[in-house]
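# Fold and contact review
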Amino acid sequence: WRGREEAPYSTLVPSDEVTINYRRGLPVITLMLPTRSERCQFTVKPVITTVGAFLQDVQREDKGIERAEVFATDGSKVSDATLMEVLLMNDFKLVINNTAYSVSPPVKDKLSSEHATEMEDIKSLVHRLFVALHVEDHQIRKERELLQKVDHLKGELLPLEQMKARIMDSADAKTSRLLWVGLALMSAQGGALAWLTWWVYSWDIMEPVTYFITYGSAMAFYAYFVLTKQDYIYPHAKDRQFLHYFHRKSKKQRFNVERYNKLKDDLAEAEESLRRLRQPLHLRLPIQEISDKD
């Protein structure tokens, strides 16, 4: 609503000169055109039609209308930008030239059940038409967007995958060498203890030595648990050492592990969205269109 203004009209006509009825859920405004002296009906769409658009339709219908305005019952002028749905909620005055028409719109709650049923049928029909005409096109556009996103992510991941493969090969080779070195040291230790026991000293002398070696190994395993909060299990220890070499090599070659993981997560999410989208999509698209994309 705009500011309060007094309506400068000279004649007030009873409300029966302008009537409002609902047909198929839409308000139909019937009024007398002053120049043509005939009644004319205007069907408006209250949700999208504004007061200004309605008044322009009236003036286009009768070229002799020089002034067309709408006022509230308290005399304030109704803005042209006001929706007709808002205007039809209360009584108002329609001013055409110097004649004011008092209008009382019917209350929507008191409409007949037949009109209400027709309105619901129209809404249901519009919804079904929208689904039939737009949902499939929307799914196709969404599929193309996802395909472009997947291609873009794969393009960004390709050099990172190649760098990661080289780093993994290097880390795996170092881990394998470390395992073989451990086996060699254990073999050398066993051989040294056997040589000292049978050729240099006796078992009476070497028994305490082997005891302390065993106790030292137990202390080493316990220290591993304290530092890593994991039991010393060979496969787990191997994986831990592999990750150590991998991250150290990645830092040297400036391989961004966080960015790589983020791209992998985005790619998995996009592929999962594409898979879920294609399940209903393949049920409705023509066979040749599916084969073209596949």
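Per chain, residue numbering runs from 1 following the sequence as it is written. Only residues with pLDDT of at least 70 get local features here, since the model is predicted, and only at 80 or more are side-chain atom pairs given and counted; chain-wide, interface and lining totals rely on the full set of residues. Think of the side-chain values as coming from all heavy atoms in the structure, minus any hydrogens and water.

Let us look at the confidence of the model for the protein. The pLDDT averaged across the protein works out to 78; a share of 79% of its residues lies at or above 70. Taken element by element, the predicted model of the protein shows its lowest mean pLDDT in helix α7 (residues 287–293) (43) and its highest in strand β5 (residues 68–72) (88). The quantity called pLDDT is the predictor's confidence in a given residue, expressed from 0 to 100. Here, two residues are considered to be in contact whenever any of their heavy atoms come within 4.5 Å of each other. Here residues 1–7 is modelled with pLDDT under 50, and outside its nearest four sequence neighbours on either side it reaches 18 contacts, counting other chains as well. Between residues 283–294, whose pLDDT stays under 50, and residues either more than four places distant or in other chains, the model counts twelve contacts. Under the DSSP-based scheme used, a helix requires at least four consecutive residues in state H or I and a strand at least two consecutive residues in state E, with every element numbered from the N terminus.

Salt bridge, as used here: a side-chain nitrogen of Lys or Arg that lies within 4 Å of a carboxyl oxygen of Asp or Glu. By the definition in use, this model includes seven salt bridges. We note a salt bridge from E161 to K264, for which the minimum N-O separation is 3.4 Å. Of this pair, E161 sits in helix α3 (residues 113–200) while K264 sits in helix α6 (residues 257–281), and the two are 103 residues apart along the sequence. Relative accessibility thresholds used throughout: buried, under 20% of the residue-type maximum; exposed, over 50%; partly exposed, between the two (1.4 Å probe, protein chains only). Residue class for E161 comes out partly exposed when judged on its relative accessible area of 28%.

With that settled, consider unusual backbone geometry. One non-glycine residue, N97, lies in the positive phi region at around 55 degrees. One can find N97 in the loop between β6 (92–96) and β7 (99–103). Its relative accessible area of 23% is what places N97 among the partly exposed residues.

Moving on to the UniProt feature "transmembrane region" (unreviewed entry) in the protein. UniProt positions are given in the numbering used here, feature names are shortened, and annotations may be inferred rather than shown by experiment. In this numbering, the UniProt entry assigns the feature "transmembrane region" (unreviewed entry) to residues 178–197 and 209–227. For residues 178–197, helix accounts for 100% and strand for 0%, while the C-alpha atoms at its two ends are 28 Å apart. Secondary structure across residues 209–227 divides into 100% helix and 0% strand, with the first and last C-alpha atoms of the span separated by 27 Å.

Only Phe, Tyr and Trp rings take part, Trp by its six-membered ring, and two of them pair if their centres are within 6.5 Å. Stacked means planes under 30 degrees apart, edge-to-face means over 60, and tilted covers everything else. One pass over the full model with this rule turns up six aromatic pairs. Look at F242 and F246: their rings are 6.3 Å apart centre to centre, the planes differ by 25 degrees, and that puts the pair in the stacked class. Placement of the pair is F242 and F246 together in helix α5 (residues 234–252), with a separation of four residues, close to one helical turn. With a relative accessible area of 16%, F242 lands in the buried category. One aromatic cluster is present, built from ring pairs that chain together F242, F246, F255 and Y260.

This brings us to the environment of E143. Tracing the chain through its elements places E143 in helix α3. Spatially, the C-alpha atoms of E143 and S273 are 8.9 Å apart, while their sequence positions differ by 130 residues.

To continue, consider the side chain of K77. Note that K77 resides in the loop between β5 and α2 (84–87). The exposure class of K77 is buried, given its relative accessible area of 12%. Polar contact criterion, stated in full: a pair of N or O atoms within 3.5 Å, where within protein one must be able to donate a hydrogen and the other to accept it, and residues adjacent in sequence count only if both atoms are side-chain atoms. Here the side chain of K77 touches E69 through a polar contact of 2.9 Å, side chain to side chain.

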